[in-house]
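# Commentary on secondary and tertiary structure
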Amino acid sequence: MKKRIKNLDSLRGFLAILVLLYHLPLVSRAVGLPHFNDLPIFHRGYHAVAVFFCLSGYLIIGLLYDEKKRTGVIDIKNFYVRRVLRLYPVYYLVMLFGFFFYHYLLPTFNVPFQINYDLYQGLLLCIGFLPNVFAKLYDPGSILSILWSIGIEEQFYLIIAPVLFTLPLHRYSKYLLIFTIVYFIAFHIEMLSFLMEFGFFYFFMSMGGVLAVWERKGYSITFKSFAIRVLVYFIFAMHFTTDLFQFENVMVQNGFELVLFNLLIVNLANDDRITFTSKFANYLGRISYGIYMYHMIVINFVLFLFLEIQKQVTLDTWTTVLLTNVITILLTILISHISYKYFELYFLRLKKRFRK
């Protein structure tokens, strides 16, 4: 079994909780419940997803490079099977529940919700790797909208895996870097505004891949100075807890995050002095995919429960905010643990059969 890279599991868990903290106040406000999001950390959900994209490119493109170096070829079929086994059991479970929730469950409880798309059209877009287009065009509800980022990842790997299959190893970093630069510029051109509108953030993943390949080619991309590494971690923490690094220009913002997030990942992964790990933090990282995928279902359930409670008991604002946050976080972790142990692990074990 491949050794897990230190610090990155803890980072995953932190990012998944940030996404939850971003969404909970938004949904609470939408249903008329008290909420709190006055601190910058409650507004960093999309930034956390961008770090996930960088992590994905760093890890997966690195594995593809290793496979080609070891065997001389990338087994495209096995690669796609592994992606399906890792992502799609939970993805389809949440997707099907989401459509059931909005089309059948809410009407059963006479909860008003406007649906402005055809059910089969929505299913086709989500099954066909375009949940980001579906979410942007139709605003289908929070449970279905979060599927967008999974679609972005799979679109990228549908494109990049065949390209890496055909390229010789010594050209990987060159072509990935060229793609990152050209695509980053194209992403911010007004004529191609649909790229930004639908969230096609491929440059985060491709840059993560560049760093992974550079590492394997022996380039020193980790800061040797301990002080500079700490500075990177400090800037990252400040970015998520303050507004110091929020820029009005979108291209500048994305460029800053592209550099910062990838530097953070590669330095964390190779830091020989600092370890951001604990058993609990590592486990949160292992179940972070479940935390991301299930948290919207839990949020909707918890807030519905509190709407019913408020009909019987009057809770003050801070009690409601505290309880909704604590219960949502704990229940999401519990459901993600159950899913990982009794559902996802079966497919993860099966996935090993398709790795050379």
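Residues numbered from 1 in each chain as written. Predicted model: local features only at pLDDT ≥ 70, side-chain atom pairs only at ≥ 80, totals over all residues. Heavy atoms only, no water.

## Points about the packing of helix H11 (residues 226-241) against helix H12 (residues 250-270)
At a minimum axis separation of 10 Å, H11 and H12 run at an interaxial angle of 130°. Classified by the angle between their axes, H11 and H12 sit oblique to one another. Here H11 runs over H12; the crossing is left-handed. Between H11, through Arg 229, Val 232, Tyr 233, Ile 235, Phe 236, His 239 and Phe 240, and H12, the contact on the second element is made entirely by Gln 253, Phe 256, Glu 257, Leu 260, Phe 261, Leu 263, Leu 264, Asn 267 and Leu 268. Residue composition of the contact of H11 with H12, by class: 11 nonpolar, 3 polar and 2 charged. (Axes fitted to C-alpha atoms, helices over the stretch in contact; angles between N-to-C directions. Helix = DSSP H or I, 4+ residues; strand = E, 2+ residues; numbered from the N terminus. Parallel < 35°, antiparallel > 145°, perpendicular 65-115°, else oblique. Left-handed = near helix turned anticlockwise from the far one by under 90°. Contact = heavy atoms within 4.5 Å. Nonpolar A, V, L, I, M, F, W, Y, C, P; charged D, E, K, R; others polar.)

## Focus on the packing of aromatic side chains
Aromatic ring pairs: the centre-centre distance and the angle between the two ring planes describe each pair. Under the defined criterion, the tally for this structure stands at 47 aromatic pairs. On the numbers, 4.9 Å between centres and 90° between planes, the contact of Phe 101 with Tyr 102 is edge-to-face. The exposure class assigned to Tyr 102 is buried, which follows from its relative accessible area of 4%. Between the aromatic rings of Phe 236 and Phe 240, the centroid separation amounts to 4.7 Å while the plane-to-plane angle is 50°, which identifies the pairing as tilted. Taken as a pair, Phe 236 and Phe 240 lie in helix H11 at a separation of 4 residues, close to a single helical turn. (Phe/Tyr/Trp six-rings, centres within 6.5 Å; stacked < 30°, edge-to-face > 60°. Buried < 20%, exposed > 50% of the residue type's maximum accessible area, 1.4 Å probe, protein only.)

## Some thoughts on the packing of helix H3 (residues 76-108) against helix H14 (residues 288-312)
At a closest axis distance of 10 Å, the pairing of H3 and H14 adopts a crossing angle of 15°. With respect to H14, the element H3 is oriented roughly parallel. The interaxial crossing formed by H3 with H14 has left-handed handedness. Side by side, H3 and H14 meet where Arg 86, Leu 87, Val 90, Tyr 91, Leu 93, Val 94, Phe 97 and Phe 101 of the first sit next to Tyr 289, Met 293, Tyr 294, Ile 297 and Asn 300 of the second. Looking at the contact of H3 with H14 residue by residue, the class counts come to 11 nonpolar, 1 polar and 1 charged.

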